Amino acid sequence: MTAFTNADSTTDSSDQPPAEARDIIAALRAAGAAPRRVLELERGRALVHWQNHYGDAQYERPRHHAMSIYTRAGEQTSRQVKGRAVSRGFTGAICLFPAGSQSQWQIRGDFEFLHLYFTDLDLQRCMTQVWDREPSSVQLNERYQIQDELIAQTGRLLSMSGWETPEDSMGIDHLTHWLMVQIVSRHASVKVSTPVVSGTLTRHQRQLVSGRIEAQLSEPLTLEAMAGWVSLSPYHFARLFRASFGCAPYQYVLEQRLARARELLRQPENKITVVALLCGFGDHSQFTRAFRKRYGVTPSDYRRG
């Protein structure tokens with residue numbers, strides 16, 4: 001997972017989501033929208049935090065799906081049909097653009113919104129892993145500037161979250177898996193109920209997962225990868241993990257990384273930068289922020305103390 005931040009409407013090509021997620025992005029750029037943050041997730045999914053204030057946009061049969069959540073304002077943004085406004089936005093409004101959909105938009109005021117981009121492969125994987133259903137039996141419905149408080153709350157949480165550190169990325173990856181399930185449950189052509197997950201991981205599964213986490217703390221650990229260790233979907237794994245360990249997977253991983261770091265800091269020959277890398281933190285500053293938040297002191301102060 002890779003995070004970028006940007007305040008301009010033009011970016012280097014490296015600051016771009018995968019090719020599958022560029023049709024709607026191209027339309028937004030043409031309308032003057034600027035990406036504030038971009039986070040590439042697993043298997044080509046992407047999350048983008050947009051800002052726009054004026055322009056006209058036309059989405060012409062994108063190759064991927066997109067869920068849009070208005071996080072600030074939007075009252076002066078309208079969907080146009082034959083030159084007339086047929087709906088208007090508001091804070092918390094959602095739009096769902098299935099692949100192949102068409103729509104025209106007029107923007108006459110500043111607002112911010114999130115887009116989650118995903119493909120048919122993501123949708124098929126969600127259907128087979130979570131519901132054990134034939135993927136072709138479910139199609140996404142077009143939704144434009146409607147109210148869905150549950151998804152709106154998710155958008156607010158995502159917009160308030162940090163996107164920069166590996167721990168941020170892992171938590172967001174966790175949340176977007178859950179969001180995919182909600183999209184299918186609430187806005188598909190065939191009604192499917194959100195699956196009920198009960199029970200816990202078996203003793204063998206708990207030992208396997210905790211052991212592999214311990215062995216791979218220096219490496220990137222995604223929800224999807226951990227779920228694959230025990231042949232579960234990310235959605236089911238996350239709920240069984242919480243029931244088994246009392247916290248979300250990304251919280252558990254962070255706690256284990258910080259506990260390992262505390263042990264290594266007791267050995268004076270270990271440089272703090274090396275400790276950060278050995279415990280899976282991207283750099284010294286990320287490590288320092290996480291350590292101070294957990295233990296109330298910086299790694300340097302902890303070592304001196």
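Notes on the structure follow. (Residues numbered from 1 in each chain as written. Predicted model: local features only at pLDDT ≥ 70, side-chain atom pairs only at ≥ 80, totals over all residues. Heavy atoms only, no water.)

## Thoughts on the pattern of salt bridges
Considering all chains together, one arrives at 12 salt bridges under this definition. Between Glu-112 and Arg-72 there is a salt bridge, and its shortest N-O distance comes to 3.5 Å. Residue Glu-112 is found in strand β10 (residues 111–118), and its partner Arg-72 is found in strand β5 (residues 65–72); the two are separated by 40 residues along the sequence. Look at Arg-72 and you get partly exposed, because its relative accessible area is 33%. In this structure, Glu-255 and Arg-294 form a salt bridge, with 2.9 Å as the shortest nitrogen-oxygen distance. (Salt bridge = Lys/Arg side-chain N within 4 Å of Asp/Glu carboxyl O. Helix = DSSP H or I, 4+ residues; strand = E, 2+ residues; numbered from the N terminus. Buried < 20%, exposed > 50% of the residue type's maximum accessible area, 1.4 Å probe, protein only.)

## Quick notes on the sheet that holds strand β9 (residues 102–107)
The four strands lie next to each other as β4-β9-β6-β7, forming an open sheet whose pairing is antiparallel. Edge positions in the sheet fall to β4 (55–60) and β7 (84–88), since each has one partner strand and no second. Adjacent strand axes in the sheet meet at a mean angle of 35°, parallel and antiparallel pairs treated alike. Across four bridges, strand β6 (residues 77–81) lies against β9 in antiparallel orientation. Bridging across to β9, Ser-78 finds its partner in Gln-106. (Pairing = 2+ DSSP bridges. Axes fitted to C-alpha atoms, helices over the stretch in contact; angles between N-to-C directions.)

## Looking at the environment of Ser-87
Along the chain, Ser-87 turns up in strand β7. Taking the C-alpha atoms as reference points, Ser-87 and Tyr-302, separated by 215 residues in sequence, lie 56 Å from one another. With near-sequence residues (within four places) excluded, Ser-87 lies in contact with Thr-77, Ser-78, Arg-79, Tyr-144 and Gln-145. Here Gln-145 takes part through its side chain, which lies 2.5 Å from a polar atom of the side chain of Ser-87. (Contact = heavy atoms within 4.5 Å. Polar contact = N/O pair within 3.5 Å; in protein donor to acceptor, adjacent residues only side chain to side chain.)

## A short note on the environment of Gly-32
Structurally, Gly-32 is set in the loop between α1 (23–30) and β2 (34–40). Residue Gly-32 is classed as partly exposed on the basis of its relative accessible area of 33%. Expressed as a C-alpha distance, the spacing of Gly-32 and Tyr-70, which sit 38 residues apart in the sequence, is 17 Å.

## Looking at the side chain of Arg-45
Position of Arg-45 among the secondary structure elements: in the loop between β2 and β3 (46–52). At 3.0 Å, the side chain of Arg-45 and the side chain of Asp-173 are in polar contact.

## What about helix α2 (residues 120–131)?
For α2, spanning 12 residues, the distance from its first C-alpha to its last is 16 Å, which sits close to the expected 16 Å at 1.5 Å a residue. Regarding α2, the residues found buried are Asp-122, Leu-123, Arg-125, Cys-126, Met-127, Val-130 and Trp-131. (Expected span 1.5 Å × (residues − 1).)

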